[in-house]
Amino acid sequence: MTLPVFDLCLKNGSVVLPDATVVTDVYVREGRIARIGGTGDAGRVIDCTGLTILPGVIDTQVHFREPGLTGAEDLATGSMAAVMGGVTAVFEMPNTKPATDRPEAVLDKLERARGRMWCDHAFYVGATTENADRCGELEMLPGTAGIKIFMGSSTGSLLVSDDAVLERVLRSGRRRVAIHAEDEARLHERLSERRAGDPSSHPVWRDEETALRATQRIVRLARRTGRRIHVLHVTTPAELEFLSGHKDVASCEVTPQHLTLAGEEAYAELGTLAQMNPPIRGRKWRDGLWYWMGQGVPDIIGSDHAPHSLEAKQRSYPETPSGMPGVQTLLPLMLDHVAHGRLSLRRVVDMTSAGPQRLFGLVRKGRIAVGYDADFSVVDLAARWTVQQEWLASRCGWSPFVGRELTGRPMGTIIRGNVVMWDNQLAPSAQGEPLLFDATDRP
């Protein structure tokens, strides 16, 4: 009996290749793409007629809360939410308890992830005053996505707000550094702007100037030190206009939440469920983000998945924690924006697959091409559906988008040839592995 040449064939799908979208077959062998088009025998054939096959979506900003904060999420439930939403890989953030700020903490997360994380993964190391001069060593640890700096206080204890320490961090190492850019001094100055019981005062407190000032400071330091940076969850048109003049040192991210929600409705309808850092702002800021999207300035989409328990979120503002889940709704929301003509599907692919690979030097990820990992996000662009609470896999159990009608739905998540999710059904076991990066000199 002749054994099949290939392990898997995705048949008759609209395949988004680097230069075109074509209806063809994709063949997989030993976890990698082995052939595009042509014919061949495969051990498993999946009919993708009417479906679109994207390169695996990579979410480069998630908070899965393990260790120490697992009441709302852990590595297993967060990564399950990821694959249910069509995400094949994540970069997880360091503001856990204890913080991921030393080699032992990175190793601990990698050990916790083994056999429990459903998607491929890497972990950021948090910069601190204590480890500032060791960041070049820490960013080279296996399984790390690089260094993350919190310039403004948010969930957790990591905070580097002083320019002298920021410069030390930027001078230690060479990989792109991820930045939460809010100015801590201005946050303290404006504490009185918070109104008890009124979450709509959150963006008044953490205003546009708070974000712009921090972004300008870190770009100035990046230019002084010659270090490339990546500004996370940009929320203001002013920042994007400024960053457009500094693309040689600074890339940037926007989130589906900030592209979708407007403060005028969000705080009235969702209350503290809409509270996050940097905040959901008003309609003119959201529309301004879309203007700069049209100018091509934002490089990638990240979810900033940051769950908290519903109990914690139902306290009275400002005693409520900031953050909302988002990894499972990242791709559906962006597909809905495609359906409404706000951006092209190819732009979504660039911002969720090719862009992360390009910015962070991922190995064998980010495109559908022979020799690359067989990572696919299979979607139905025409599906009209409503986000239901029962669909959510995050332990926190809620989303600001429950009840929202969307067009475009993830149908399958395939990682290194493993069909991890198909039509809302999970595989029997988690098979996520650490991501590989060019910078760490691995094969």
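Naming follows an unreviewed UniProt entry, where the chain appears as Dihydroorotase of Komagataeibacter intermedius AF2. UniProt annotates the chain under Function (unreviewed entry) with the comment "Catalyzes the reversible cyclization of carbamoyl aspartate to dihydroorotate." Regarding the chain, the relevant UniProt record gives this comment under Cofactor (unreviewed entry): "Zn(2+)".

Trainee: How should I be thinking about the layout of surface pockets in this particular structure?
Mentor: Where empty space is left can be seen by rolling a probe of water-molecule size over the atoms. The volume enclosed by the second largest pocket comes to roughly 210 Å³. Considering the residues around the second largest pocket, the lining is formed by 14 residues, among which P18, V349, A354, G366 and R367 are closest to the centre. The dominant element in the lining of the second largest pocket, judged by the number of residues it contributes, is helix 14 (residues 345–360), at five residues.

Trainee: What is the right way to look at the sheet that holds strand 11 (residues 229–231) in this model?
Mentor: To summarise the sheet geometry, strands pair through backbone hydrogen bonds and adopt either a parallel or an antiparallel arrangement. What the eight strands build is an open sheet, ordered 6-7-8-9-10-11-12-13; its pairing is parallel. Strand pairing shows two members of the sheet lacking a second neighbour, strand 6 (57–62) and strand 13 (300–301), which therefore form its edges. Two elements, strand 9 (residues 144–150) and strand 10 (residues 177–180), share three bridges in a ladder whose sense is parallel. The residue of strand 10 that forms the bridge with I149 is I179. Taken strand by strand, helix 2 (residues 103–113) contacts strand 7 (87–92), strand 8 (120–126) and strand 9, and its axis lies near 160° from that of strand 8.

Trainee: Hey, could you run me through helix 2 in this one?
Mentor: What sets the pattern is the α-helix's 3.6 residues per turn: residues three or four places apart point alike. Listing the buried residues of helix 2 in full gives A105, V106, K109, L110 and A113. Projected down its long axis, helix 2 shows its buried positions confined to an angular sector of 140°, all on one face. Summarising the geometry of helix 2, the exposed residues directed more than 90 degrees from the buried face are E104 and L107. Structurally, helix 2 contributes buried residues whose contacts are with helix 1 (75–84), strand 7, strand 8 and strand 9. Of the residues trailing helix 2, G115 is marked for its positive phi of about 75°.

Trainee: Even after reading the chapter, I still don't get unusual backbone geometry, so can you show me in this structure?
Mentor: When glycine is set aside, most residues are seen to have a negative phi, and most peptide bonds are trans. Between K97 and the following residue, P98, the backbone shows a cis peptide bond with an omega angle of 5°. With respect to the helices and strands, P98 occurs in the loop between strand 7 and helix 2. The step from N277 to P278 runs through a cis peptide bond, and the omega angle for that step is -10°. Looking at the element boundaries, P278 is found in the loop between helix 10 (263–270) and helix 11 (283–294). With a phi close to 70°, R65 is a non-glycine residue in the positive phi region. Secondary-structure assignment places R65 in the loop between strand 6 and helix 1. Taking relative accessible area as the criterion, R65 reaches 3% and is therefore assigned buried.

Trainee: I keep staring at the domain arrangement of the chain and nothing clicks. Help me out?
Mentor: Frequently, the measure chosen for interface size is the accessible area removed from exposure when the parts meet. Here the chain is partitioned into domain 1 (6–53 + 370–426) and domain 2 (56–360). With 38 residues of domain 1 at the interface, the matching set in domain 2 holds 44 residues. Surface buried jointly by domain 1 and domain 2 totals about 3,300 Å² across both partners, of which 67% is contributed by carbon and sulfur atoms. Of all residues in domain 1, R395, W398 and F401 bury the most surface against domain 2, accounting for 23% of the area lost on that side. Between the two partners, domain 1 and domain 2, sit two salt bridges. Counting the contacts that link domain 1 with domain 2 gives 18 residue pairs in polar contact (both at pLDDT 80 or more). Per-element tally for the side of domain 1 that touches domain 2: the top contributor is strand 15 (residues 405–415), with nine residues. Taken together, the residues of the side of domain 1 that touches domain 2 sort by class into 22 nonpolar, nine polar and seven charged.

Trainee: What am I meant to see in the side chain of E253 here?
Mentor: The topology assignment puts E253 in strand 12 (residues 250–254). In this structure, E253 is buried with no salt-bridge partner, the nearest side chain bearing the opposite charge being K148 at 8.2 Å. A distance of 2.8 Å separates a polar side-chain atom of E253 from the backbone nitrogen of H233. Aside from chain neighbours lying at most four places away, what touches E253 is T60, Q61, H230, V231, L232, H233, V234, I300, I301 and G302.

Trainee: Help me out: how do you make sense of the packing of aromatic side chains in this one?
Mentor: Centre-to-centre distance and the angle between the planes together describe a pair of aromatic rings. The final tally for this structure, using the stated rule, is six aromatic pairs. Ring geometry for W385 against W391: centres 5.0 Å apart, planes inclined by 75°, an arrangement best described as edge-to-face. W385 sits in the buried class, given a relative accessible area of 7%. For W391, a relative accessible area of 9% translates into the label buried. It is R35 that lies over the ring of Y27; its NZ or CZ is 6.0 Å from the centre. The ring of W205 carries the charged tip of R194 above its face, separated from the ring centre by 4.8 Å.

Trainee: What is the right way to read the side chain of E182 from this model?
Mentor: With respect to the helices and strands, the residue E182 is situated in the loop between strand 10 and helix 5 (184–189). For E182, a relative accessible area of 0% gives the class buried. Within polar-contact distance, the side chain of E182 engages the side chain of R206 at 2.9 Å. With residues up to four places along the chain from it excluded, the contact list for E182 reads M151, G152, L187, R206, T210, A214, N277, P278 and P279.

Thresholds applied
Residues numbered from 1 in each chain as written. Predicted model: local features only at pLDDT ≥ 70, side-chain atom pairs only at ≥ 80, totals over all residues. Heavy atoms only, no water. UniProt positions renumbered as here; feature names shortened; annotations may be inferred. 1 Å grid on protein atoms, 1.4 Å probe; cavity = no way out; pocket = protein on both sides within 12 Å on 5 of 7 lines; lining within 4 Å. Points joined across faces, edges and corners; volume = space filled by probe spheres on them. Helix = DSSP H or I, 4+ residues; strand = E, 2+ residues; numbered from the N terminus. Pairing = 2+ DSSP bridges. Contact = heavy atoms within 4.5 Å. Axes fitted to C-alpha atoms, helices over the stretch in contact; angles between N-to-C directions. Buried < 20%, exposed > 50% of the residue type's maximum accessible area, 1.4 Å probe, protein only. Arc of directions from axis to C-beta. Domains from an automatic or database assignment. Buried area = accessible area lost by both parts, 1.4 Å probe. Salt bridge = Lys/Arg side-chain N within 4 Å of Asp/Glu carboxyl O. Polar contact = N/O pair within 3.5 Å; in protein donor to acceptor, adjacent residues only side chain to side chain. Nonpolar A, V, L, I, M, F, W, Y, C, P; charged D, E, K, R; others polar. Lys, Arg positive; Asp, Glu negative; His and termini not counted. Phe/Tyr/Trp six-rings, centres within 6.5 Å; stacked < 30°, edge-to-face > 60°. Lys NZ or Arg CZ within 6 Å of the ring centre and 35° of its normal.

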